Amino acid sequence: MKKWARTNLWRHVISLGMCAFALFPLYLVILSSFSQTGSLQLTSFAPSAISWRNYKLLFNSPAIPYLTWMKNSLVVAGTVAIVSVIVGGASAFAFSRLKFRGKKLGIQLLLLVQMFPAILAIAAVYVIMERVYRFAPRVGLGTQAGLILVYLGGAMGVNIWLLKGFVDSIPIELDEAAKIDGASPVQTYWLIFVPLATPVLAVVALMSFIGTFNEFILARLFLVDMGNRTIAVGLQAFIAGQYSRNWGPFAAGSILASIPIVIIFLSLQKYIIGGLTAGSVKG
Amino acid sequence: MATVNMLFRGKFALITKLIVLSGISAILVLLIESALAKKEYTIALFLAASLAALCYTYLSARTVPMKFFLPGLLLLFAFVVAPIVYTVVMSNYNYKTGNIISKQEAITQIKGLGVEPDANGTTFDIVVGKTSTGEYAILASDSPNHVYFVSTATKKTDLLPSQVTLNADGVATAAPNFTVVPEAQLAGNEDYAKINFAYADKYFVSVQGLNVGAVFRQSLKYNPASDTVVNLIDGKIYKDNGRGNYANVNDSADILQPGWRATNWFANYGKLFSDPLVRGPLFRVFIWTVAFAFLTVLSSFAFGLLLALTLNKPMRGRRFYRGVLVLPYAIPSVMSILIWGGMFDTEFGAINHLLGTHIAWFQNASFARTAVILVNLWLAFPYFYLISSGALQAIPSELLEAAAIDGANPRQIFKKITLPLLMQILTPLLIASFAFNFNNFNLIFLLTGGGPKDLLGGQIAGATDILISYTYQIAFGSNTQDLGLASSISVIIFFIIAGISLYGLRKSKVLETFG
Amino acid sequence: MNRRILGLLGLLTSAALVTSLAVVPGAQAAGGTIVVWADETRGPNLQKVMDAKSDWVPGYTIKIVTYSSFDALKAAFDKATGTTGPDVVVAANDWVPTAAKSGKLAPVTLTGSQKAQFNPTQFFDLSYQGKLYGVPVDINNVAMIYNTALVKTAPKKFGDMVDFYKANKSADGLKAGLCIAGGGMSWGAHSVFSALGADAYYMAGGRPNYHKFFNSATFASNVKTYLLGPDGKSNGFFPATDTGCKDNFLAGKVPFAVIGNWEWKDYVAKGFDMNLMPVPSVNAGQNGAMFGSVSGALLTSFADTHGVATGAKSLLTNFFASTAGQVAYQKFEGRPPAAKGAQADASVSAGQKGFGTAASLSGIPQIGAFLNSNAGGASYWDSAPAYWTAVLVNGKNPVVEAKKLAAIWRKNMLVGKSDL
């Protein structure tokens, strides 16, 4: 008992303390989502009465197409995640495995370009997409397709960089063996690299997914129609109203929106840690 | 393997490739066609170049690396490089509220605004039609005074009440030598509304709605030959002042609105260093940005590392702790930041409730800064916990065992072996994290909005404003916007971040692997 | 090798051309469509009106585009250009000066009878350098309500409210005496500023008076008397922020609150017995002035680019500024309409009328050219809440801060004069 206390008690104390810190806001949000009042207040730590009003509002109110927003977010973030990994993976593979002139310069330029604060290029992106809208209204400003393209462009730099780290860690002997068998680089990519890297690609895709899911400055500007919005834009509007802040539905909506992400995150945790150490920062 | 190989070799592969390429080319050709039709030449050129590059790359056998790079490269170029170039260009423009549109648009608008109504503000009920020669004309009625006339761009014909057909309101609806144009037709083409219909002297009737005409005369006239605007009434002459406005030649403060965006070359950059109103806040914000990025990385790393060390050994409940501790990282940060904002509320916030205090967190500089760092600690410590525990596991256990056999105590092992090795692995990540927080826009924007600031004392930047949020405020702030100045700060931030990151990369020796 | 490439290229090009011919080029918006941008409450309500009756402008189609919030609408309009910009935007009146200066708005001309539908001061809000850029749609104003269960007699002067608060604070568990529930600490709180002697500007004969400014010493001494305790800190009567005001009022924890006319129905729905009145001034018989501002339907310069300027002008006069249009719209929106004919309409609710009355008792026009100006170092919108924070939260000297405030407002007004 004494030994246990010496070696493990302090571990539990620290862990429990940090868990409390981590859980505190979450508990509060859950509490507010079940509360009747519209504000995020804390009168007591135990719920006085449980009301499903806020949840019902999300699904019954015609003014709040919550499920459509959720679907939009999944479509936008899902497309960005998958396409950016496929496209970025190919570039990362080439940077890691192929020999060509200007490789060092290329990767340095890539790094440099990716450091530009994207938020400040918003005005420029807006102008470009507006011009695209002029001749291709389906992929220009105001469309999910346009937003996806912009996100894809933005995700390239980070993803290539991240994936390159993974490719570097896959033993080169494997593709050298393939080369001896007469495989072309394209074949090596599809037959050797992709199967090996699938878990890693999945993790990078997930990180892109979360990042895109979170983005709201561009989305707010791009997606105007009520039925077009993503969940972040839709929910943020609850508490960014001109005259009032409505925390109840916001809390309920946030919880529901977080659940899928949290589940994916927790189930892929092992891979994500590997991914993080390979050189990423949460975006 | 052989069947899989089939997919990448031989006729089947070639045909698949051709079908996909043809599809993409078809879409691109289509886009180029419509871009050209809308006179978007730059974009058409980019699309055409993309098309050529795609066909060449995927049909030639010589361009192997390009086959991998091209899609990413095109996306990167269109949505990252082009906006950067555009931002750099913008930073050399006087591009702010009042100087937003192009010069051509500004001239059109100055001409449109440069009219003044007659002394009585006379308006008429009108019907739009055509004369027998097919010329646009209006049939105007001033029913209280029984005045009726038909007017074209050149000629006004007065009519007697007996000559026109009146409706119940006394408005003329038909007249000789005048055919009414149906409203549906007018809606399709508003060219008629640009005509100044003859009235009297210098005055004309201008269409101000489907059924309304108002009497105006031109007061400002643009002279393309000398690029000047003349006030026809008082004779004042306005000249292009080189900064995006027409200014009175005798009084440079008397300018015509709207102005246009005009090149001012390095004036925005100059302003950053010479204008005390810009320089002062910028310097203060820079200091806080560095302090914030440093403190937030330090605190989150300290907590993350502590947790990693705590949970590094097998113990009961480790899986549970781990699952709970990464929750803040998994939850969409937009939502959690907004929730923290609510928790810091003075009156109702949970924080004050918990502490039994009544602190106005976001109204006081020190409290607001503390709150920002605390919230970011919550958001970021799981990340540092994850990477620290990853790094701890990467340290070969033989090394630690050997040290233990050599008689080193745990503290010595940690100080002499674990920590240095850990830092070696994590330094590049810490630097990257520093760079990320340097630009952590969402946190500041959503939590404090950059505030508080002593506005009455003349402060422009808030106490928690970091460079990027301050720049965003300059660019897209609510009252006045200065895109030119904001772009120039963006370019400077870019160099700072690039410097930090390149330093980090050199430190991690990552670039050498490309040698 | 090269011949193969050429052959393939030929094949590809022909395939591409064939496909491109098969697909109809991207559909463009049909001519004669007027696009109206609005925020999250006005947009859906306008849509309902348009669904019920679409032919406000014969020959034109009207398309309503709704933004997720007022901020988002502003952000998008700030970046809008000829291609994607709206033809009409339903906006706050204070957008007019900057938007007009930047060439985003186009002037409108009203006939005599159209003008007669509105109070002339309402046009201040929508004008820049002598030109009118839109039509008034609805009146935005605030009024003070008091909880008749707590307060038996209407306060005659500001001090009555403070005395009530001090006397009943502990017995009723009051959290504050008077708070701002609607309109924020600048716009909504103007009536409190004014009741204590600090008006943003004074009007004389329907025009701004450029020779009279508020006396910072009088104002500061009133702040000390009524809002601060002997220790120089807030006495709790007037909170510096609007957070929780509505909930507290409805919970019976605040006897007096300033509310916006757009949220009146929320209070009525709670079944409270409440009275509506202006904020009484420190002198009996006078009231604090409040902004009786209007939301405008503004005509953009993009309408001309889109070839629908005439149609858009007609939409403004036939729908937005007309009695029929305002009645139809306010049936859903529930704000006091701006047009006199619509105000007199039987369908306008008592609440809407009550706010109209409160506005006529002590309303001043909201003049964006002064309020939005940054000439004095900060706009009215930013400097007004800053005063409350400085004095009531951070305990700064009310006299010194009032002097700064007075200087800022004075400069903003004198510089903004040229834009009016």
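Residues numbered from 1 in each chain as written. Chains lettered and ligands numbered in written order. Predicted model: local features only at pLDDT ≥ 70, side-chain atom pairs only at ≥ 80, totals over all residues. Heavy atoms only, no water.

Draft legend 1. Local environment of the overall build of chain B. Scanning chain B for helices and strands turns up 18 helices and 18 strands. Relative to its length of 515 residues, chain B is extended, with a C-alpha radius of gyration of 35 Å against a globular reference of 24 Å. Expressed along its principal axes, the backbone C-alpha trace of chain B runs to roughly 120 × 75 × 50 Å. Looking at chain B as a whole, 52% of its 515 residues qualify as buried. (Helix = DSSP H or I, 4+ residues; strand = E, 2+ residues; numbered from the N terminus. Rg over C-alpha atoms; globule rule 2.2 N^0.38 Å. Buried < 20%, exposed > 50% of the residue type's maximum accessible area, 1.4 Å probe, protein only.)

Draft legend 2. Representation of the overall build of chain A in the model. A count of helical and extended segments in chain A gives 12 helices and zero strands. Reading chain A from its N terminus to its C terminus gives the helix and strand order α-α-α-α-α-α-α-α-α-α-α-α. In chain A, buried positions account for 57% of the 283 residues. Of all intrachain contacts in chain A linking residues separated by at least 6 positions in sequence, the fraction that spans at least 24 positions is 69%. When the accessible surface of chain A is summed, it comes to about 11700 Å², and 68% of that surface belongs to carbon and sulfur atoms. (Contact = heavy atoms within 4.5 Å. Areas by Shrake-Rupley, 256 points an atom, 1.4 Å probe, with all protein chains shown as cover.)

Draft legend 3. Structural detail: the state of the cysteines. Residues and elements named next belong to chain C. In total, this model carries one disulfide over all chains according to the counting rule given. At a sulfur-sulfur separation of 2.0 Å, the disulfide partner of Cys179 is Cys245. In this structure, the disulfide formed by Cys179 and Cys245 twists by about 75° around the S-S bond and is classed as right-handed. Here the residue Cys179 occupies a position in strand β8 (residues 178-180), and Cys245 occupies one in helix α10 (residues 245-250), the gap between them amounting to 66 residues. Comparing Cys179 with Cys245, the two get one shared label, buried. (Disulfide = S-S within 2.5 Å.)

Draft legend 4. Spotlight on a nonpolar patch on the surface. Side chains of B:Phe283, B:Phe286, B:Ile287 and B:Val290 sit close together on the surface and give an oily, nonpolar patch of about 350 Å² of accessible area. When you line up the elements, B:Phe286 lands in helix α8 (residues 276-310). (Patch = residues over 30% accessible without salt bridge, like charges linked within 9 Å, V, L, I, M, F, W, Y side chains within 5 Å. Salt bridge = Lys/Arg side-chain N within 4 Å of Asp/Glu carboxyl O.)

Draft legend 5. Region of the structure containing the interface of chain A and chain B. The partner chain B presents 98 residues to the 100 residues of chain A that form the contact. Here chain A meets chain B over a buried area of about 9200 Å², counting both sides, of which 81% is carbon and sulfur. Viewed at the interface, chain B and chain A are joined by two salt bridges. Seen at the junction of chain A and chain B, the total is nine residue pairs in polar contact (both at pLDDT 80 or more). (Buried area = accessible area lost by both parts, 1.4 Å probe. Polar contact = N/O pair within 3.5 Å; in protein donor to acceptor, adjacent residues only side chain to side chain.)

Draft legend 6. Focus on the environment of B:Ala291. Residue and element names in this part refer to chain B. Within the secondary structure, Ala291 sits in helix α8. Note on Ala291: relative accessible area 29%, which makes it partly exposed. Considering only alpha carbons, one finds Ala291 and Phe438, 147 residues apart in sequence, at a separation of 9.3 Å.

Draft legend 7. Spatial organisation of empty space enclosed by the protein. The tally for this structure, following the rule as stated, stands at eight cavities of 30 Å³ or more. Reported here for the largest cavity is a volume of approximately 150 Å³. Around the largest cavity sit 13 residues that line it, and B:Gln481, C:Asp78, C:Thr98, C:Ala99 and C:Ser102 are the ones nearest its centre. Elements with a contribution of two residues or more to the lining of the largest cavity: α3 (70-79) and α4 (96-101) of chain C. Residue composition of the lining of the largest cavity, by class: four nonpolar, six polar and three charged. In this structure, the second largest cavity spans a volume of roughly 50 Å³. What lines the second largest cavity is simply C:Ala200, C:Tyr201, C:Phe370, C:Leu371, C:Tyr380, C:Trp409, C:Asn412 and C:Met413. Going through the elements one at a time, α17 (368-371) and α19 (398-416) of chain C are the ones with two or more residues in the lining of the second largest cavity. A total of three residues in the lining of the second largest cavity trace back to one element, the largest contributor, which is α19(C). For the lining of the second largest cavity, the per-class residue count stands at seven nonpolar, one polar and no charged. (1 Å grid on protein atoms, 1.4 Å probe; cavity = no way out; pocket = protein on both sides within 12 Å on 5 of 7 lines; lining within 4 Å. Points joined across faces, edges and corners; volume = space filled by probe spheres on them. Nonpolar A, V, L, I, M, F, W, Y, C, P; charged D, E, K, R; others polar.)

Draft legend 8. Layout of the side chain of A:Glu130. Relative to the assigned elements, A:Glu130 resides in helix α5 (residues 122-135). No salt bridge is formed by the buried A:Glu130. Its closest oppositely charged neighbour is A:Arg134, at 5.1 Å. Discounting chain neighbours no more than four positions away, the residues touching A:Glu130 are A:Leu141, C:Ala80, C:Thr81, C:Thr83, C:Thr84 and C:Gly85. (Lys, Arg positive; Asp, Glu negative; His and termini not counted.)

Draft legend 9. Structural view of the confidence of the model for chain B. Overall, the predicted model of chain B reaches an average pLDDT of 87, with 96% of residues at or above 70. In the model, residues 511-515 of chain B has pLDDT below 50 throughout and makes nine contacts with residues more than four positions away in sequence or in other chains. (pLDDT = per-residue confidence, 0-100.)

Draft legend 10. Just the domain arrangement of chain B, in detail. Assigned domains within chain B: domain 1 (2-90), domain 2 (103-255) and domain 3 (272-514). Taking only C-alpha atoms into account, the centre of domain 1 of chain B sits 51 Å from that of domain 2 of chain B. (Domains from an automatic or database assignment.)

Draft legend 11. Representation of the nonpolar core within the structure. Among the nonpolar cores identified, the biggest contains 205 residues, and A:Tyr66, A:Phe222, A:Ile231 and A:Phe250 are the most heavily contacted of them. Counting contributing residues, this core receives three or more from each of domain 1 (2-90) and domain 3 (272-514) of chain B. Residues C:Phe164, C:Leu178, C:Leu227 and C:Phe249 belong to the second largest nonpolar core, which totals 82 residues. (Core = buried A, V, L, I, M, F, W, Y, C linked by side-chain atoms within 4.5 Å.)

Draft legend 12. Representation of the interface of chain C and chain B within the structure. Counting from both sides, the interface comprises 72 residues of chain C and, opposite them, 56 residues of chain B. For the pair chain C and chain B, the summed buried surface comes to about 4900 Å²; carbon and sulfur atoms form 60% of the total. At the boundary of chain C with chain B, the tally comes to two salt bridges. B:Asp454 serves as the salt-bridge partner of C:Lys396, at 3.7 Å between the closest nitrogen and oxygen. Run the count over chain C and chain B and you get 15 residue pairs in polar contact (both at pLDDT 80 or more). Listing elements by their share of the side of chain C that touches chain B, those giving two or more residues are α1 (2-22), α3, α4, α5 (112-116), α13 (309-320), α18 (380-393) and α19 of chain C. With 12 residues, α1(C) is the single largest residue contributor to the side of chain C that touches chain B. Within the side of chain C that touches chain B, the residues separate by chemical class into 29 nonpolar, 29 polar and 14 charged.

Draft legend 13. Quick look at the pairing of strand β12 (residues 212-218) of chain B. Residues and elements named next belong to chain B. With five of seven residues buried, β12 lies mostly within the body of the structure. In the sheet, strand β2 (residues 115-117) pairs with β12 via three bridges, with the strands oriented antiparallel. Bridge pairing in β12 places Pro117 opposite Phe216. The turn joining strand β11 (residues 203-207) and β12, which pair antiparallel and follow one another in sequence, is formed by four residues; a positive phi near 150° is taken by Gly209. (Pairing = 2+ DSSP bridges.)

Draft legend 14. Examining α13(C) more closely. Counting buried positions along α13(C) yields 11 of 12 residues, so the element is predominantly enclosed. Among all positions of α13(C), only C:Ala309, C:Thr310, C:Gly311, C:Ala312, C:Lys313, C:Ser314, C:Leu315, C:Leu316, C:Thr317, C:Phe319 and C:Phe320 are buried.

Draft legend 15. Geometry of the pattern of salt bridges. Evaluation of the coordinates by the stated rule reveals 17 salt bridges over all chains. Where A:Arg134 meets B:Glu40, a salt bridge forms, and the shortest distance between an N and an O atom there is 3.3 Å. With A:Arg134 in helix α5 and B:Glu40 in the loop between α2 (10-37) and α3 (41-59), this residue pair bridges two chains. Taking relative accessible area as the criterion, A:Arg134 reaches 30% and is therefore assigned partly exposed. For B:Glu40, a relative accessible area of 4% puts it in the buried group. Within this structure, A:Arg131, A:Arg134 and B:Glu40 form a network of salt bridges that share partners.

Draft legend 16. Spatial organisation of the environment of C:Asp125. Relative to the helices and strands, C:Asp125 resides in the loop between α5 and β4 (127-128). Not counting residues within four places of it along the chain, the set of residues in contact with C:Asp125 comprises C:Asn93, C:Val96, C:Gly292, C:Ser293, C:Val294, C:Pro365 and C:Gln366.

Draft legend 17. Region of the structure containing the pairing of strand β7 (residues 142-147) of chain C. Residues and elements named next belong to chain C. The buried fraction of β7 is high, at six of six residues. Here β7 shows two buried faces, one formed by Val142, Met144 and Tyr146 and the other by Ala143, Ile145 and Asn147. Relative to strand β11 (residues 256-260), β7 runs antiparallel, the two being bridged by five bridges. Bridging from a neighbouring strand, Met144 pairs with Val258 of β11.

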